[in-house]
Amino acid sequence: MAKFYITTPIYYPNDVPHIGHTGTTVFADIVARHHRLLSEEVFFLTGLDEHGQKVAGAAVKAGQEPQEFVDELAVKWQDYWKKLDLSNDEFFRTTSKGHKEVVSELLTKLWNEGKIYKATYKGIYCVGCEEFKAERDLIDGKCPEHRPDQIVTQEETNYFFKFSEYTHQIREMIVNDQIKISPQNKKNEMIAKIDEWIKDGNKDISCSRQTVSWGIPIPWDTEQTTYVWVEALMNYYSATKIYQNRSEYWPADVHFLGKGNNWFHSVIWPAFLLALGLPLPKNIYVHGYYNVEGKKMGKSLGNVISPQQLIDRYGSDGTRYLLCASMPYKEDSDVSFEWFDQKYNAELANGLGNLISRVGKLVEGKNYDIDFTKFNYSNLIEKNPEIKKAYEEYRLQDVVKEINKIVNDANEFLSRETPWKKEGEEKETVLKEAVQRIIEIGELLLPITPNTANQKILGVFTSTKYSVPEILFKRLV
Ligand code: MSP
């Protein structure tokens, strides 16, 4: 059986998730479910990046020890993911013993092979990004993604990884799609950034921190801890070592992430893997950001949307559908409650909801002899090549669009055929066709709105006696 390993970034638990983190995780869940339905053996991994200056600072603010702080947040993050029916197979935490062991092993290998050395470095650091910055990365001395107080100047003696030895090779590999970054604009951005890096002196990168105690100690020098990004990236590989029966899953089939994490996943991570002699991930899919009402989402702007707000208003499946429909596939996408409400009412409450309730009422108590093999998920994906292709290219907003077209077609079919005006065999033929279309829609919705598809659609229309389904999505007023 084919294996499929999909990951999300591991998020900083300095706070609870917002819709950005939720989006990436829901997208990955939908793709994971799609592959499971195609009978593949899927390993879907998400989790938390618990070490480093940013999380340690948040713990101090909360007046807690960092471990206690992240333990509490880890419960909250997992609660959100359960509410959204995320089907991750494991929930990774970088403070786990197993991860520390794998990271120590990998770093020791690089050290023993002379790929890591000690040097002093002075530079600008953004705590929000947990990243050293060049002047060019800043706008008026500020990080474009974080508050000004997140920028600090640091001078430290660190261990350095010989990154410069891999940059030319990685550039070639990106150009030739041996490191496959999609969509194209995100690939181009990485080529441009490597060119700048090389032009700026092709520097090596720090892989340890002298002044951050909340981290994994460097195995041969416990005065230093591992730079948080280095051990975070290693989670993808260490997961295949730590959990049972996962050793066959490396390399990952796809890493899902947002654009701010592109450089680390598409350039730094491959450099470490090349140095370690390990295979590279097969695909890196980089989406844009959700902006809220035209503005970048941020605490200081007070426009952060939490998954809870969405779940309260649209339910779990409604939230999943709306996030998928608004996926910032290539560019950033602007979302608002107004937009979500409108989409929810038009496509879920009216389009899908009306179809199901209209047909449900007409076929109540009946049953049609339907050949379900034609309606199994794999066959339906073959029958709908636009959906198949959209999944292959991770264009999930297009998957929703295509399914919505099928729903609209089915509603038009009913309005055209008016089975409520027909009698006898003529009526039954139309209704059987309508039920078949609904089963097709239910199957295709399984990855996106799993509960609604399973219980409220397929549960009713594949039973031996149809009943009127309960309301799928209550109209918002
Ligand atoms: N801990 C690192 C990732 C390490 S992965 C080895 C990190 N964490 S984070 O908490 O800042 O999460 C970043 C990720 O959150 C992005 O890659 C993206 O998946 C998601 N998003 C954060 N803000 C977002 C938006 N405004 N819109 C969409 N997704 C965004 O960086």
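The coordinates are above.
Throughout what follows, the structure given in this document is the object of discussion. Note that this is a predicted model, so its numbers are computed, not measured. (Residues numbered from 1 in each chain as written. Predicted model: local features only at pLDDT ≥ 70, side-chain atom pairs only at ≥ 80, totals over all residues. Heavy atoms only, no water.)

## What about the overall build of the protein?
A count of helices and strands for the protein gives 15 helices and 16 strands. The C-alpha radius of gyration of the protein comes to 25 Å, within 12% of the 23 Å expected for a compact globule of 477 residues. Considering the protein as a whole, with its 477 residues, one finds that 58% of them fall into the buried category. Residue pairs in contact within the protein that sit at least 24 positions apart in sequence constitute 77% of those at least 6 positions apart. A total accessible area of about 20300 Å² is found for the protein, and carbon and sulfur atoms account for 48% of it. (Helix = DSSP H or I, 4+ residues; strand = E, 2+ residues; numbered from the N terminus. Rg over C-alpha atoms; globule rule 2.2 N^0.38 Å. Buried < 20%, exposed > 50% of the residue type's maximum accessible area, 1.4 Å probe, protein only. Contact = heavy atoms within 4.5 Å. Areas by Shrake-Rupley, 256 points an atom, 1.4 Å probe, with all protein chains shown as cover.)

## Quick word on the pairing of strand β1 (residues 3-11)
The buried count for β1 comes to 8 of 9 residues, which makes it a mostly enclosed element. Of the strand pairs in this sheet, β1 and strand β2 (residues 41-48) are connected by 7 bridges, and their pairing is parallel. By the bridge assignment for β2, K3 is matched with E41. In the sheet, β1 pairs with strand β12 (residues 254-258) via 2 bridges, with the strands oriented parallel. In the strand pairing of β12, I6 is matched with V254. (Pairing = 2+ DSSP bridges.)

## Overview of the pairing of strand β6 (residues 151-161)
Both strand β4 (residues 116-126) and β6 contribute to a ladder of 11 bridges, which runs antiparallel. By the bridge assignment, K118 is partnered in β6 with Y159. Relative to strand β8 (residues 205-206), β6 runs antiparallel, the two sharing 2 bridges. By the bridge assignment, F161 is partnered in β8 with I205.

## Remarks on the environment of H34
Mapping H34 onto the fold places it in helix α1 (residues 19-37). Apart from the residues lying within four places of it in its own chain, the contact partners of H34 are Y377, I381, Y391 and P447. Within the structure, the side chain of H34 is placed 2.7 Å from the side chain of Y377, a separation counted as a polar contact. (Polar contact = N/O pair within 3.5 Å; in protein donor to acceptor, adjacent residues only side chain to side chain.)

## Thoughts on the sheet that holds strand β9 (residues 208-209)
Through backbone hydrogen bonds, the strands of a sheet pair up, either in parallel or in antiparallel fashion. The strand order across the open sheet built from 3 strands is β9-β11-β10, with neighbouring strands paired in antiparallel fashion. Whereas interior strands pair on both sides, the edge strands pair on one side only; in this sheet they are β9 and β10 (217-218). As paired strands, β10 and strand β11 (residues 221-226) are joined by 2 bridges and run antiparallel to one another. The residue of β11 that forms the bridge with I218 is D221.

## Remarks on helix α12 (residues 385-392)
Within α12 the residues assigned to the buried category are I387, A390 and Y391. The buried residues of α12 occupy one face: seen down the axis, they fall within an arc of 100°. Contacts from the buried residues of α12 go to α1, α11 (377-383), α13 (396-417) and α14 (424-445). A positive phi of about 60° marks Y394, the residue just after α12. (Arc of directions from axis to C-beta.)

## Some details on the packing of helix α2 (residues 53-62) against helix α3 (residues 66-83)
Packed helices, taken two at a time, are described by the angle between their axes plus the distance between the axes. The N-to-C vectors of α2 and α3 enclose an angle of 95°; their axes lie 9 Å apart at closest approach. It follows that α2 is roughly perpendicular to α3 by the angle criterion. Within the contact between the two elements, α2 uses V55, A58, A59 and A62 and α3 uses P66, F69 and V70. Here the residues of the contact of α2 with α3 sort into 7 nonpolar, no polar and no charged. (Axes fitted to C-alpha atoms, helices over the stretch in contact; angles between N-to-C directions. Parallel < 35°, antiparallel > 145°, perpendicular 65-115°, else oblique. Nonpolar A, V, L, I, M, F, W, Y, C, P; charged D, E, K, R; others polar.)

## A few points about the site of the ligand
Lining the immediate surroundings of the ligand are 22 residues, of which I10, T24, D49, N261 and Y290 lie closest. A distance of 3.4 Å separates a nitrogen atom of the ligand from a polar atom in the backbone of G20. T24 places a side-chain nitrogen or oxygen 2.6 Å from an oxygen atom of the ligand. For the ligand, the protein covers 92% of the area, taking 670 Å² as the surface of the free molecule. For the shell around the ligand, the elements supplying multiple residues, two or more each, are β1, α1, α7 (228-242) and β12. Per-element tally for the shell around the ligand: the top contributor is α7, with 4 residues. Across the shell around the ligand, the residue classes tally to 12 nonpolar, 9 polar and 1 charged. (Near = heavy atom within 4 Å.)

## Focus: the nonpolar core
In this structure, I6, F272, L352 and F461 are the most contacted members of the largest nonpolar core, which totals 154 residues. Residue contributions to this core peak at 10 residues, all from helix α8 (residues 262-276). Filtering out sequence-adjacent residues up to four positions away, L352 remains in contact with E347, V407, I441, L445, I457, L472 and F473. Grouped together as the second largest cluster of nonpolar side chains are 6 residues, C126, C129, C143 and I151 included. (Core = buried A, V, L, I, M, F, W, Y, C linked by side-chain atoms within 4.5 Å.)

## Describing the sheet that holds strand β16 (residues 333-335)
The 3 strands are arranged β15-β14-β16 in an open sheet whose pairing can be described as mixed. Two strands close off the open sheet at either side, each with one partner strand: β15 (295-296) and β16. As defined by bridge partners, strand β14 (residues 290-292) adjoins β16 across 3 bridges and the pair is classed as parallel. Residue pairing in the sheet places Y290 in a bridge with S333 of β16.

## Things to note about the pattern of salt bridges
Taken as a whole and judged by the stated rule, the model has 31 salt bridges. Among the ionic pairs, R36 bridges to D89, the shortest N-O distance being 3.3 Å. Remark: D89 occurs in the loop between α3 and β3 (90-93) and R36 occurs in helix α1; sequence separation between them is 53 residues. Overlapping salt bridges bring together K389, E393, R395, D398 and K401 as one network. (Salt bridge = Lys/Arg side-chain N within 4 Å of Asp/Glu carboxyl O.)

Nothing here speaks to function; it is all geometry.
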